[in-house]
Amino acid sequence: SSGFKGNTQNAVKEQDSVVPQYLSVEELCPPEFEWTMLEPGFFQTTFKIKSLGIKYICVKIDLKNPALKIRPGIATSKKGARVNKFAHKQKPVLSVNTTPFDVKNYANIVGIVKSEGQILSKAAESYCALGLKNTPEGYQAEILNKQTQDAIEQFDSAYGGFFQILHNGQINYDFTVTRRS
């Protein structure tokens, strides 16, 4: 494997190095998304690019849905916690694996996890995050390009991620390509 399987890049081997070649939005997205309702306010669509071994699942959540509850699932062992095992135990409508972890100790989170005002893992400025604010009308969400203290402070909850790939409908190439990209 080239290390780029499953993301937005096509890896081409040239001698001993891997050179990423970016795909166009048209190659990465279907002409239309067909959304399937999981439960009221929760929708899902999937898309595959078989030739590249890419499959992605997109979700659409009505943040005003009064049934929506967002909470972290934190690993407590060095082996970490697989999303499917967490989901099997907790029975949520949706489970999302967002925050990177230390490959030497899977229980060590690399990046922000803030839940209901309590910081469970400190920010890693080189990564992005999803910030959530709980209001009387429902949640408000924002994708933060960098996990800075100032950016995270205004949110009740924040969950780290790797890199922001899309911004206002445009592919964001402003990140360092690594084996985790």
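Please refer to the structure placed before this passage.
What counts as what
Residues numbered from 1 in each chain as written. Predicted model: local features only at pLDDT ≥ 70, side-chain atom pairs only at ≥ 80, totals over all residues. Heavy atoms only, no water. Buried < 20%, exposed > 50% of the residue type's maximum accessible area, 1.4 Å probe, protein only. Helix = DSSP H or I, 4+ residues; strand = E, 2+ residues; numbered from the N terminus. Pairing = 2+ DSSP bridges. Phe/Tyr/Trp six-rings, centres within 6.5 Å; stacked < 30°, edge-to-face > 60°. Axes fitted to C-alpha atoms, helices over the stretch in contact; angles between N-to-C directions.

How would you explain the pairing of strand 12 (residues 157-160) if you had to name every residue and give the values?
The alternating pattern of strand 12 places Ser 157 and Tyr 159 and Ala 158 and Gly 160 on opposite faces, both of which are buried. Strand direction decides the pairing type here: strand 8 (residues 113-115) and strand 12, joined by two bridges, are antiparallel. What sits directly across from Lys 114, in strand 12, is Ala 158. Two elements, strand 10 (residues 129-135) and strand 12, share four bridges in a ladder whose sense is antiparallel. Residue pairing across strands places Ala 129 opposite Gly 160, the latter belonging to strand 12.

Break down the packing of aromatic side chains for me, with residues and values.
Two measures describe an aromatic ring pair: the distance that separates the ring centres and the angle between the ring planes. In total, this model carries two aromatic pairs according to the counting rule given. Centre to centre, the rings of Phe 47 and Tyr 56 are 5.5 Å apart; their planes meet at 55°, and the pair counts as tilted. Relative accessible area serves as the criterion here: at 22%, Tyr 56 is assigned to the partly exposed category.

Can you break down helix 2 (residues 83-90) residue by residue, with the values?
Here helix 2 lies mainly on the outside; zero of its eight residues are buried. Once helix 2 ends, the next one or two residues include Lys 91, with phi positive near 60°.

Give me the sheet that holds strand 11 (residues 138-144): which residues, what numbers.
Strands sit in the order 9-8-12-10-11 across an open sheet of five strands; the sheet is antiparallel. Only two strands of the sheet have a single neighbouring strand rather than two, namely strand 9 (118-121) and strand 11. Going across the sheet, the axis of each strand differs from the next one's by a mean of 20°, ignoring polarity. Here strand 8 runs beside strand 9; their pairing, made up of three bridges, is antiparallel. From the neighbouring strand, Lys 114 faces strand 9, where its bridge partner is Ile 119.

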